[in-house]
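# Close look at the chain arrangement
The primary structure of each chain is shown beneath.
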There are 2 protein chains.
Amino acid sequence: MTSEFAFIEALRAIATDPAARGLDDDAAVIEIGGEKLVLTMDTVVEGVHFLPADPPADVAWKLVAVNVSDLAAKAAQPLGCLYSHALGEAAWDAAFLVGLRAAADHFALPLLGGDTVRMPEGAPRSFSLTALGRGPHGCPVPSRSGARPGDRVWVSGTIGDSGVGLALLDGKLNAATLSAENARWLSQRYRRPSPVPALGAALGPMVNAMMDISDGLLVDARRMAGASAVRIVLGLESVPLSRALRETAGQDRAARIAAVTAGDDYCLLFTAPPERTAGIREAAAGLGCEVNAVGVVVKGDGLTLMHDDEPVPLPERLGYQH
Amino acid sequence: MTSEFAFIEALRAIATDPAARGLDDDAAVIEIGGEKLVLTMDTVVEGVHFLPADPPADVAWKLVAVNVSDLAAKAAQPLGCLYSHALGEAAWDAAFLVGLRAAADHFALPLLGGDTVRMPEGAPRSFSLTALGRGPHGCPVPSRSGARPGDRVWVSGTIGDSGVGLALLDGKLNAATLSAENARWLSQRYRRPSPVPALGAALGPMVNAMMDISDGLLVDARRMAGASAVRIVLGLESVPLSRALRETAGQDRAARIAAVTAGDDYCLLFTAPPERTAGIREAAAGLGCEVNAVGVVVKGDGLTLMHDDEPVPLPERLGYQH
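Cut-offs and rules
Residues numbered from 1 in each chain as written. Chains lettered and ligands numbered in written order. Predicted model: local features only at pLDDT ≥ 70, side-chain atom pairs only at ≥ 80, totals over all residues. Heavy atoms only, no water. UniProt positions renumbered as here; feature names shortened; annotations may be inferred. Salt bridge = Lys/Arg side-chain N within 4 Å of Asp/Glu carboxyl O. Helix = DSSP H or I, 4+ residues; strand = E, 2+ residues; numbered from the N terminus. Buried < 20%, exposed > 50% of the residue type's maximum accessible area, 1.4 Å probe, protein only. Contact = heavy atoms within 4.5 Å. Buried area = accessible area lost by both parts, 1.4 Å probe. Polar contact = N/O pair within 3.5 Å; in protein donor to acceptor, adjacent residues only side chain to side chain. Nonpolar A, V, L, I, M, F, W, Y, C, P; charged D, E, K, R; others polar. Axes fitted to C-alpha atoms, helices over the stretch in contact; angles between N-to-C directions. Parallel < 35°, antiparallel > 145°, perpendicular 65-115°, else oblique. Pairing = 2+ DSSP bridges. Phe/Tyr/Trp six-rings, centres within 6.5 Å; stacked < 30°, edge-to-face > 60°. Left-handed = near helix turned anticlockwise from the far one by under 90°. Least-squares fit on C-alpha atoms with pLDDT ≥ 70 in both. Domains from an automatic or database assignment.

The name recorded for chain A in an unreviewed UniProt entry is Thiamine-monophosphate kinase, from Novosphingobium pentaromativorans US6-1. Per UniProt, chain A carries the Function (unreviewed entry) text "Catalyzes the ATP-dependent phosphorylation of thiamine-monophosphate (TMP) to form thiamine-pyrophosphate (TPP), the active form of vitamin B1." According to UniProt, the comment filed for chain A under the heading Catalytic activity (unreviewed entry) is "thiamine phosphate + ATP = thiamine diphosphate + ADP".

Pasting the structure below:
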């Protein structure tokens, strides 16, 4: 047991209020004035979640986007955010605010407050953001734990793009091996994820379980299976890959395994009964979003991976694991 | 203009939503489902807001308390909090949680969620907390900007205790010069501030302006005067000093100036028409709290300091100034 894991267990023992959802979900949900308020908080630290050389505007965008992704996964409409800023070099901070403003506008998540703090000399930058959203009316706020045997498993968007973008930015993938357009698009997918709260909100009444994919499809699907006490069976061949990813990494089994274990997708993972299929496709199409069925929920526990009806051993690393 | 000041000006240009209150208040206020939700966020950084040798449980307590103090100043009842924890040494972190739990219980502010992050080697610890409260029914959420000429100016609690406690803990004040009981009590005032949300809630309908005193009575009173476009006149002789402070530092003008420029009081500063006097005293007495009238609001701007009806030049340092 890592000390982080032990610490989170100790936190769970404190967070006994039902609104905390056992700290097992993407967000907290409190009821106030007949509304459901959805709350999430994420922190990014220089040298851990971003690099000193990353463009500050992209760091800010991503900080907003990862929180919006949690709201989307809870079918919540963005209401606003508070954030805490560790002051550093003035030009860097000013550029950060350009990205913050762009993201706040893009996601309709107005800045409501927060804190600015001075840091000791040489300390890494760190930023925390709390996002608030208004939960759905007429249906529960989707949780990770509602998946039921018989459900289909779905994802929104395309999987693995961010992982390739990161490899490119890290220099692990040679930029000369792909087109400038693909390189730009894949890097952007890593630096400026674009969750779609309207899609989450439209799906809310139709799903049994929903969460965002932040650490990798496999590890997040296994978490959903665990929270729901079911087994999830994923078909690798059904996992949607973008044209840019296919042109760069191909679409053989190795490429697909890489895609489903890469993190930072900020797509939705959800399950719903088969009779919801048409409604789900219609809702997504109405918003110009892609959704794809990638598996099924069955009795049991854990995660099973298939490829063209053939079982595939789970890779040792399912994604980014805390 | 410091770069921090310039940065906050740039933030204000982004935070144009009315709920942000121009980033000029202690908290943001959004309306949802006919309720007023009060939101505040504070960050503490090792080496800036606390020292590596500080007891971790006290660091956690104070992080909760400073946020609760903001809720109290907005007449809000605590609803819950989210917090972000920078992981460090396991024993330190475990001790931190003991203080967090104690404070969450004491202030009835359940932990609802948050984030835990790993830090680069050698980075200072930092913790952010977002607190939510339910604003008052039947009256507006008090702001800093409502003080009106003719109002009396009040403070809750006693002023300056934390400053003496800090001097003691810092070694700037020789512990041998005061009783063990006073030393313990004054240190505790610094390490475990105890704002009283029930007092803020009771005062809410009676006040014209309210804020918490976090950076020093003088600097905070001047901020209130500025936000309200009035002049505040404070009488040093009326500023309530605790017995422990009087026994330690005396109560002459120098001791009083030290008290009103020390920070970390986490008391309430509020103004109300004279006809509210009996109601205010009654509300405070009912909660076992001390309140004292310490000045008046007049037309004009800025802050005037008096002592026994004699004008006193403002000290160069009014408190902790950002």
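### Notes on the pattern of salt bridges
Residues and elements named next belong to chain B. Taken as a whole, this structure holds 38 salt bridges over all chains when the rule is applied. Here Lys74 ties to Asp26 by a salt bridge, and the two come within 3.1 Å at their closest N and O atoms. A residue pair is termed long-range when its members are at least 10 positions apart, and Lys74 in the loop between helix H2 (56-73) and strand E3 (77-86) and Asp26 in the loop between helix H1 (3-14) and strand E1 (28-32) qualify at 48 residues. Look at Asp26 and you get buried, because its relative accessible area is 8%.

### Considering the interface of chain B and chain A
On the side of chain A, 60 residues touch chain B, which itself brings 60 residues to the contact. Between chain B and chain A, roughly 4,900 Å² of surface is buried when both sides are summed, and carbon and sulfur atoms account for 73% of that area. Seen at the junction of chain B and chain A, the total is two salt bridges. Residues Glu4(A) and Arg118(B) are paired through a salt bridge, measuring 3.3 Å at the closest nitrogen-oxygen approach. In this assembly, chain B and chain A are joined by 14 residue pairs in polar contact (both at pLDDT 80 or more). Breaking the side of chain B that touches chain A down by element, the ones donating at least two residues are H1, E1, strand E2 (35-45), E3, helix H3 (90-106), strand E4 (111-117) and strand E5 (126-134) of chain B. Looking at the side of chain B that touches chain A, its residues break down into 35 nonpolar, 15 polar and ten charged.

### Let's talk about the UniProt feature "domain: PurM-like C-terminal" (unreviewed entry) in chain A
Feature annotation in UniProt places "domain: PurM-like C-terminal" (unreviewed entry) on residues 148-307 of chain A, given in this structure's numbering. Segment residues 148-307 of chain A splits into 42% helix and 22% strand. End C-alpha atoms: 22 Å apart.

### What to know about the environment of Pro140(B)
Relative to the helices and strands, Pro140(B) resides in the loop between E5 and strand E6 (152-156). As a C-alpha pair, Pro140(B) and Asn208(B) span 68 residues in sequence and 9.6 Å in three-dimensional space.

### Here we look at helix H9 (residues 253-261) of chain B
Every buried residue of H9(B) is accounted for by Ala255(B), Arg256(B), Ile257(B), Ala259(B), Val260(B) and Thr261(B). Where the residues of H9(B) are buried, they touch helix H7 (217-228), helix H8 (243-249), strand E11 (302-307) and strand E12 (310-312) of chain B.

### So, the packing of helix H4 (residues 161-169) of chain B against helix H5 (residues 180-191) of chain B
All names here are of chain B. Packing of H4 against H5 brings their axes to within 7 Å, and their N-to-C directions diverge by 105 degrees. Judged by the inter-axis angle, H4 sits roughly perpendicular to H5. The segment H4 lies against H5, with Asp161, Ser162, Val164, Gly165, Leu166, Leu168 and Leu169 engaging Ala183, Trp185, Leu186, Ser187, Arg189, Tyr190 and Arg191. Of the residues assigned to the contact of H4 with H5, the class counts are eight nonpolar, three polar and three charged.

### A closer look at the sheet that holds strand E9 (residues 267-272) of chain B
Residue and element names in this part refer to chain B. Taking strand neighbours across the sheet as the criterion, the seven strands line up as E7-E9-E6-E10-E8-E11-E12 in an open arrangement whose pairing is mixed. The open sheet has two edge strands, strand E7 (209-213) and E12, and neither has a second partner. For this sheet, the mean angle separating the axes of adjacent strands, direction not counted, is 30 degrees. Pairing of E6 with strand E10 (residues 291-298), which is carried by five bridges, proceeds in the antiparallel orientation. Residue pairing in the sheet places Ser156 in a bridge with Val291 of E10.

### Things to note about the environment of Ala147(B)
All names here are of chain B. Position of Ala147 relative to the elements: it lies in the loop between E5 and E6. Once the C-alpha coordinates of Ala147 and Ala229 are considered, the two residues, 82 residues apart in sequence, prove to be 8.2 Å apart. Ignoring sequence-local partners within four residues, the contact set of Ala147 consists of Asn208, Ala209, Ser228, Val230, Thr271 and Val297.

### A word on the packing of aromatic side chains
For any pair of aromatic rings, the description consists of the separation of the ring centres together with the inter-plane angle of the planes. All names here are of chain A. Inspection of the entire model under this criterion finds 16 aromatic pairs over all chains. With a centroid separation of 6.0 Å and 25 degrees between ring planes, the pair formed by Tyr83 and Phe96 is classed as stacked. In this pair, Tyr83 sits in strand E3 (residues 77-86) while Phe96 sits in helix H3 (residues 90-106), placing the two residues 13 residues apart along the sequence. Relative accessible area serves as the criterion here: at 1%, Tyr83 is assigned to the buried category.

### Here's the deal with the packing of H2(B) against H3(B)
All names here are of chain B. Where H2 meets H3, the axes come as close as 7 Å, and the angle between the chain directions of the two elements is 40 degrees. One way to sum up the angle between H2 and H3 is to call them oblique. Crossing of H2 over H3 shows right-handed handedness. Side by side, H2 and H3 meet where Pro56, Ala57, Val59, Ala60, Trp61, Leu63 and Val64 of the first sit next to Trp92, Ala95, Phe96, Gly99, Leu100, Ala102, Ala103 and His106 of the second. Tallied by class, residues from the contact of H2 with H3 come to 13 nonpolar, two polar and no charged.

### A closer look at the relation of the copies chain B and chain A
The transformation that overlays chain B on chain A combines an axial shift of 0.0 Å with a rotation of 180 degrees, and the residual RMSD is 0.0 Å. What the rotation and shift describe, once combined, is the action of a two-fold rotation axis. Closest to the rotation axis within chain B is the C-alpha of Gly33(B), separated from it by 2.2 Å. Looking at the interface residues of chain B, 100% of them are also at the interface in chain A, so both copies use one shared face.

### Comments concerning the side chain of Asp264(A)
Its location among the elements puts Asp264(A) in the loop between helix H9 (253-261) and strand E9 (267-272). Discounting residues that sit within four places of it in the chain, Asp264(A) has contacts with Lys62(A), Ser162(A), Tyr190(A) and Ser214(A).

### Digging into the domain arrangement of chain A
All names here are of chain A. Taken domain by domain, chain A consists of domain 1 (3-134) and domain 2 (152-312). Each of domain 1 and domain 2 has a C-alpha centre, and the two are 23 Å apart. Facing 24 residues of domain 1, the contacting portion of domain 2 comprises 18 residues. For the pair domain 1 and domain 2, the summed buried area comes to about 1,700 Å², and 55% of that belongs to carbon and sulfur atoms. Linking domain 1 with domain 2 are four salt bridges, by the criterion used here. A salt bridge links Asp264 to Lys62; its shortest N-O distance comes to 3.4 Å. Linking domain 1 to domain 2 there are six residue pairs in polar contact (both at pLDDT 80 or more). Among the elements that make up the side of domain 1 that touches domain 2, the one with the highest residue count is helix H2 (residues 56-73) (eleven residues).

### Observations regarding the UniProt feature "binding site: ATP" (unreviewed entry) in chain A
Under the local residue numbering, the UniProt record ascribes the feature "binding site: ATP" (unreviewed entry) to Gly114(A), Asp115(A), Arg144(A) and Ser214(A). For the residues just named, distributed over 101 residues, the greatest C-alpha separation reaches 31.4 Å, placing them at more than one site. Note on placement: Gly114(A) falls in strand E4 (residues 111-117). Not counting the four nearest positions on each side in its chain, Gly114(A) is found in contact with Leu82(A), Tyr83(A) and Met41(B). Within the secondary structure layout, Arg144(A) lies in the loop between strand E5 (126-134) and strand E6 (152-156). The buried category is assigned to Arg144(A), whose relative accessible area is 15%. Sequence-distant contacts of Arg144(A), that is, excluding residues within four places in its chain, are made with Asp24(A), Asp25(A), Asp26(A), Lys74(A), Ala209(A), Met210(A), Met211(A), Arg223(A), Met224(A), Ala227(A) and Ser228(A).

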